[in-house]
Amino acid sequence: MIGNLLKQLWKALGVFIRYRLSRLFGRQRQQPPGSRPDTNPTSIPEALPTVGLDPPYRKTIAWRTDRNDVVASGTVSNPIYQLWRGMPQGHKWTHYFETYQAVFGSRQNTPMRILEIGVLQGASLRLWKSYFHHSNTSLVGVDIKPECARFDAPSDGIHVRIGSQADSEFLARVVDEFGPFDLIIDDGSHHSTHMIKSFNCLYAAGLKDDGIYFVEDLHANYWLPWRDSTNSFLDFCKDLLELLHAHYWKTPLSAWSAELQSGSSLALEVPEITTMIKEIRFFDSMVAIYKTRRLHAPRYIVA
């Protein structure tokens, strides 16, 4: 036990040192992993990013959690919340259900192939099987714990495979067996390294070109030991947002203007990921990345 504790402390120290080095020589925007501003309220204005906000926006205020005995009317009527209340062995934040409905609602009645990373007690698998109720919908859950295999129910369209979300070979086998998927939900270990690894393994080959890559519980990226990398998954998503616009920052305005005047096409060199993202939607503790295949870069048109 002492050995495991020392191992965790050594790992945390390494993350903190890498963070400090990155502050000196690289990325400037992230906060120290595992920082706890709530233990020192006077540090909040200095610790939080301000991104050029005027003082009225930066002032700190008291903000209470929802009352435990009152559920917002919008949540009570939410169909996913209604299903979830009947699921044993599950827990979620109250604000998730509105986001689920906003992201998943348009696909509820269509046949879906869904991969969920993280099985735990099987509650989410049961939830999504009930919500995405088309008869041809299939769900695949992956988890590192062998006991999760008991939720495997092929006759009900639920499949469980045991392995790590950080194991690229394991994920490739899951994709070969069941994919590509319409929806991938990462509700797994919540370690930032695992989130980034899974995205890199699954987005290109494991997700359909009109699919959604959905990651939840991103608040864990602000806490140790889940924040186990210098850059969190949110930092990673901010970089994806920049890469979504790579054709602009890699091509000067003069080239776009010349294209407009000549009517010719530009041959742009961009990372392939630039052509594979339709949009990125950020929510409290969640992000939805919509995949596409942009065959052509946008161009000016003259009315």
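Here's what I pulled together on the structure shown here. These numbers come from a predicted model, not from an experiment.

### Regarding the packing of aromatic side chains
Next up, step 1: All chains considered together, the criterion is met by 18 aromatic pairs.
Next up, step 2: Their ring planes at 85° and their centres at 5.0 Å tell us that Y100 and W128 sit as a pair that is edge-to-face. Of this pair, Y100 sits in helix α6 (residues 96-104) while W128 sits in helix α7 (residues 123-131), and the two are 28 residues apart along the sequence.
Next up, step 3: Using a relative accessible area of 0% as the deciding quantity, one classes Y100 as buried.
Next up, step 4: In textbook terms, an aromatic cluster arises when at least three aromatic residues are bridged by ring pairs, as seen for Y81, Y96, F97, Y100, F104, W128, Y131, F132 and F214.
Next up, step 5: A cation over a ring is seen here: K92 above W84, with NZ or CZ 5.0 Å from the ring centre.
Next up, step 6: Its guanidinium or amino end placed over the ring of Y203, K291 lies 5.6 Å from that ring's centre, counting from NZ or CZ.

### Observations concerning the pairing of strand β5 (residues 207-215)
Next up, step 1: As paired elements, strand β4 (residues 181-186) and β5 share 5 bridges and run parallel to each other. Each bridged residue has a counterpart across the sheet, and for I184 the counterpart in β5 is Y213.
Next up, step 2: Handedness of the crossover joining β4 and β5 through helix α9 (residues 192-206) is recorded here as right-handed.
Next up, step 3: Direction of pairing for β5 relative to strand β7 (residues 286-291): antiparallel, over a ladder of 4 bridges. Note that in β7 the partner of I212 across the bridge is Y290.

### Re α7
Next up, step 1: For α7, the set of buried residues is A123, S124, L125, L127, W128 and Y131.
Next up, step 2: Those residues of α7 that are buried are in contact with α5 (79-84), α6, β1 (113-117), β2 (138-143), β3 (158-162) and β4.

### A closer look at a nonpolar patch on the surface
Next up, step 1: Residues W93, Y222, W223 and W226 make up a contiguous nonpolar surface patch of about 460 Å² in total accessible area.
Next up, step 2: Position of W93 among the secondary structure elements: in the loop between α5 and α6.

### Considerations on the sheet that holds β4
Next up, step 1: The sheet built from 7 strands is open, its strands ordered β3-β2-β1-β4-β5-β7-β6 with mixed pairing. Among the strands making up the open sheet, the edge pair consists of β3 and β6 (277-283). Along the sheet, successive strands turn relative to each other by an average axial angle of 15°, direction set aside.
Next up, step 2: Seen against the sheet, helix α8 (residues 168-178) touches β1, β2, β3 and β4 and runs at an angle of roughly 155° to β3.
Next up, step 3: Contacting β5, β6 and β7, helix α10 (residues 233-244) runs over the sheet at an angle of about 145° to β6.

### Structural notes on the packing of α8 against α9
Next up, step 1: With their axes 10 Å apart at the nearest point, α8 and α9 run at an angle of 30° to one another. Relative to α9, the element α8 is oriented roughly parallel. You can see that α8 and α9 cross each other, and the crossing is right-handed. Contact residues: α8 offers S168, L171 and V175, while α9 offers K197, S198, C201, L202, A205 and G206.
Next up, step 2: For the contact of α8 with α9, the class distribution of residues is 5 nonpolar, 3 polar and 1 charged.

### A few points about α10
Next up, step 1: In this model α10 runs 16 Å from its N-terminal to its C-terminal C-alpha over 12 residues, within 8% of the 16 Å that 1.5 Å per residue would give.
Next up, step 2: Among the residues making up α10, those that are buried are F233, L234, D235, F236, C237, L240 and L244.
Next up, step 3: Those residues of α10 that are buried are in contact with α9, β5, α11 (246-249), β6 and β7.
Next up, step 4: Capping the start of α10 is the job of one residue whose side-chain oxygen sits 3.2 Å from the backbone nitrogen of L234: S232.

### Remarks on the nonpolar core
Next up, step 1: Residues Y203, Y213, F233 and I289 are the most contacted members of the largest nonpolar core, which totals 32 residues.
Next up, step 2: Of the residues forming this core, the biggest block, 6 residues, is contributed by α10.
Next up, step 3: Apart from residues lying up to four places away in sequence, Y203 is in contact with Y213, I273, M276, I277, I289, Y290 and K291.
Next up, step 4: Membership of the second largest hydrophobic core comes to 31 residues, among which are A123, L125, F132 and F151.

Reading the values: the criteria
Residues numbered from 1 in each chain as written. Predicted model: local features only at pLDDT ≥ 70, side-chain atom pairs only at ≥ 80, totals over all residues. Heavy atoms only, no water. Phe/Tyr/Trp six-rings, centres within 6.5 Å; stacked < 30°, edge-to-face > 60°. Helix = DSSP H or I, 4+ residues; strand = E, 2+ residues; numbered from the N terminus. Buried < 20%, exposed > 50% of the residue type's maximum accessible area, 1.4 Å probe, protein only. Lys NZ or Arg CZ within 6 Å of the ring centre and 35° of its normal. Pairing = 2+ DSSP bridges. Right-handed = clockwise from strand over helix to strand, strands pointing away. Contact = heavy atoms within 4.5 Å. Patch = residues over 30% accessible without salt bridge, like charges linked within 9 Å, V, L, I, M, F, W, Y side chains within 5 Å. Areas by Shrake-Rupley, 256 points an atom, 1.4 Å probe, with all protein chains shown as cover. Salt bridge = Lys/Arg side-chain N within 4 Å of Asp/Glu carboxyl O. Axes fitted to C-alpha atoms, helices over the stretch in contact; angles between N-to-C directions. Parallel < 35°, antiparallel > 145°, perpendicular 65-115°, else oblique. Left-handed = near helix turned anticlockwise from the far one by under 90°. Nonpolar A, V, L, I, M, F, W, Y, C, P; charged D, E, K, R; others polar. Expected span 1.5 Å × (residues − 1). Polar contact = N/O pair within 3.5 Å; in protein donor to acceptor, adjacent residues only side chain to side chain. Core = buried A, V, L, I, M, F, W, Y, C linked by side-chain atoms within 4.5 Å.

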